[in-house]
Amino acid sequence: MDIRVDAASATPPFAQVRARIIALIDSGELPTGTRLPPVRTLATDLGLAANTVARVYKELEEARFVETRGRAGTFVSAGTDATRARAADAAAAFARAMGDLGVAPADALDLARAALGNESGR
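Residues numbered from 1 in each chain as written. Predicted model: local features only at pLDDT ≥ 70, side-chain atom pairs only at ≥ 80, totals over all residues. Heavy atoms only, no water.

Undergrad: Whenever I open this one, the environment of L36 confuses me. Can you help?
TA: Here L36 lies in strand 1 (residues 35-36). If near-sequence neighbours (up to four positions away) are discounted, L36 is found in contact with M1, L30, Y57, V66, T74 and V76. (Helix = DSSP H or I, 4+ residues; strand = E, 2+ residues; numbered from the N terminus. Contact = heavy atoms within 4.5 Å.)

What follows is the structure in structure tokens.
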């Protein structure tokens, strides 16, 4: 995860980190389901206090960019608007492709279910 904190910036470090993580999520560089580094690890990597990174994660969770799963860690959430927009675009592209190929909607859904099943098995 490419995050840098500019100590000379007037923007507080927590705001820099939060903005960068949001940008990485919005760009797709951190896709849904990606596990973020533990608070202490990221804090050490960035030279920040653990409480600073914990605040970032808390604010990202409140904004539904990430979700915390207890000891399993913190993950990019599927609930972000950008993620949903990308998913809707992908679904629309799939529907257009199936229509162009003359595949019936029920068959297209079967193909999508099969593909999703294959993805979860990886």
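Undergrad: What exactly am I supposed to notice about the side chain of T74 here?
TA: Here T74 is to be found in strand 3 (residues 74-76). A polar contact is formed between the side chain of T74 and the side chain of T68, at a distance of 3.4 Å. Every residue in contact with T74, bar those within four places of it in the chain, is listed here: T34, R35, L36, Y57, V66, E67 and T68. (Polar contact = N/O pair within 3.5 Å; in protein donor to acceptor, adjacent residues only side chain to side chain.)

Undergrad: Explanation requested: the pattern of salt bridges in the structure shown.
TA: Two side chains bearing opposite charge may form a pair once their charged atoms approach each other closely. Throughout the structure, instances matching the rule amount to seven salt bridges. The salt bridge involving D2 is made with R4; its shortest N-O contact spans 3.0 Å. What makes D2 partly exposed here is its relative accessible area of 37%. With its nearest N and O atoms 3.8 Å apart, the salt bridge here joins E62 to K58. Here E62 pairs with K58, and both are found in helix 3 (residues 50-62), just four residues apart, close to one helical turn. (Salt bridge = Lys/Arg side-chain N within 4 Å of Asp/Glu carboxyl O. Buried < 20%, exposed > 50% of the residue type's maximum accessible area, 1.4 Å probe, protein only.)

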